[in-house]
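Here is how the chains run, residue by residue.
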Amino acid sequence: ERDEANKSYLTQVDGKFECLFPNMHLCAVDFEDAFQKSHPDLMQRVDGQLKIKLENGSFFSVEDSEKYYQVLEIQAENRFVVLREQHSEGNTWHLLDRRSGMLKEIGGYPLFSPDMKKFVSVSTDMQAGFSPTVFDVYAVTPDGIAIPFIFLSLLITPTANAAAP
C-alpha cells in the first residue's frame, strides 16, 4: 500500500526513484512495471527468465523466477540497462552492456558523466547496514566497463549506541 508519510528512496540522488511504498523491493518492482510499459520491446519476463534485448537483437537472459532483479532504466545513449538486485536483506546494482551482453555488478546506482565516458557508482545503507557503502568511479570503454577506481567500498554496521564523531 502506498504511504506518503513513509517514502522510500532507491538511490542517494535527490528525487531519483522516490517511492510511496515503505519497502524498497516493492518500490523497485513498481518502477520496473513503469519501465516495462514505456519500453515494451526492450525487456520481458518469460517462464521465470528476465530477458533484455541487446543492440544486436538477441536477448540477454537471467534466471529470475523470484523477481530479485528489477530493470529500472536505460542510460548512456541506450547502451546500458540499470538493474537493481534484491537480497534477503540489502541490495546491489548492476549494469548490462547492451553492446557486449556483459552484466557487471557495480554496487551502487550509476551516475554518468555528460560525455558518457565515466560514471560513479553510489550507494549508502547507514540505517540497516545490509548493503555496502560505495563510491567508485568506472571508465566506459568500447569493450565495456573498465575496472573501477575504488574510492569507498565498505560494509558499515550501524549500532544503536554509536557515538557521533
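Residues numbered from 1 in each chain as written. Predicted model: local features only at pLDDT ≥ 70, side-chain atom pairs only at ≥ 80, totals over all residues. Heavy atoms only, no water.

1. What about the side chain of E73?
Within the element layout of this structure, E73 appears in strand 6 (residues 69-75). Polar contacts involving the side chain of E73 include one to the side chain of Q75, which spans 2.4 Å. One polar contact links E73 to Y109, side chain to side chain, over a distance of 2.4 Å. (Helix = DSSP H or I, 4+ residues; strand = E, 2+ residues; numbered from the N terminus. Polar contact = N/O pair within 3.5 Å; in protein donor to acceptor, adjacent residues only side chain to side chain.)

2. Quick look at the packing of aromatic side chains
In total, this model carries 4 aromatic pairs according to the counting rule given. Ring centres of W93 and Y109 lie 5.4 Å apart, and the angle between their planes is 75°; this geometry places the pair in the edge-to-face category. With W93 in strand 8 (residues 91-97) and Y109 in strand 10 (residues 109-112), this pair connects stretches of sequence that are 16 residues apart. Residue classification places Y109 among the buried residues on the basis of a relative accessible area of 4%. Between F119 and Y138 the ring centres are 4.8 Å apart and the planes differ by 5°, which places this aromatic pair in the stacked class. Of this pair, F119 sits in strand 11 (residues 118-123) while Y138 sits in strand 12 (residues 133-141); the two residues are 19 residues apart in sequence, bridging distant segments of the chain. The same class applies to F119 and to Y138, which are both buried. Each member of the aromatic cluster is reached from another via a ring pair, and the members are F80, F112, F119 and Y138. (Phe/Tyr/Trp six-rings, centres within 6.5 Å; stacked < 30°, edge-to-face > 60°. Buried < 20%, exposed > 50% of the residue type's maximum accessible area, 1.4 Å probe, protein only.)

3. Some details on the sheet that holds strand 4 (residues 49-53)
Pairing in this open sheet of 3 strands is antiparallel, and the strands run 3-4-5 from one edge to the other. Unpaired on one side and paired on the other, strand 3 (43-46) and strand 5 (59-63) mark the two borders of the sheet. Going from strand to strand, the sheet's axes swing by 20° on average, the running direction of each strand aside. Pairing of strand 3 with strand 4, which is carried by 4 bridges, proceeds in the antiparallel orientation. Residue pairing for strand 4: M43 is matched across the bridge by I52. (Pairing = 2+ DSSP bridges. Axes fitted to C-alpha atoms, helices over the stretch in contact; angles between N-to-C directions.)

4. Considerations on helix 1 (residues 24-38)
Taking 1.5 Å as the rise per residue, helix 1 with 15 residues should run 21 Å; its terminal C-alpha atoms sit 21 Å apart, in good agreement. Regarding helix 1, the residues found buried are H25, C27, A28, E32 and F35. Taken down its axis, helix 1 places every buried residue within 150° of arc, on the same side. (Expected span 1.5 Å × (residues − 1). Arc of directions from axis to C-beta.)

5. Quick word on the pairing of strand 12
With 6 bridges connecting them, strand 11 and strand 12 associate as antiparallel partners. Within strand 12, the position partnered with V120 by the bridge is V137. Across 2 bridges, strand 12 lies against strand 13 (residues 144-145) in antiparallel orientation. Each residue of the ladder has a partner; that of T141, found in strand 13, is G144.

6. So, the pairing of strand 8
Among the 7 residues of strand 8, 7 are classified as buried, and the element is accordingly described as predominantly covered. The pairing of strand 7 (residues 80-86) with strand 8 spans 7 bridges and is classified as antiparallel. When the bridges of strand 8 are listed, V81 appears paired with L96. Hairpin remark: strand 7 followed by strand 8, antiparallel, with 4 residues in the connecting loop; positive phi at G90, about 90°. Summarising the sheet, strand 8 and strand 9 (residues 103-105) pair through 3 bridges and their orientation is antiparallel. By the bridge assignment, L95 is partnered in strand 9 with K104. Between the antiparallel neighbours strand 8 and strand 9 lie 5 residues, among them G101 with a positive phi of about 80°.

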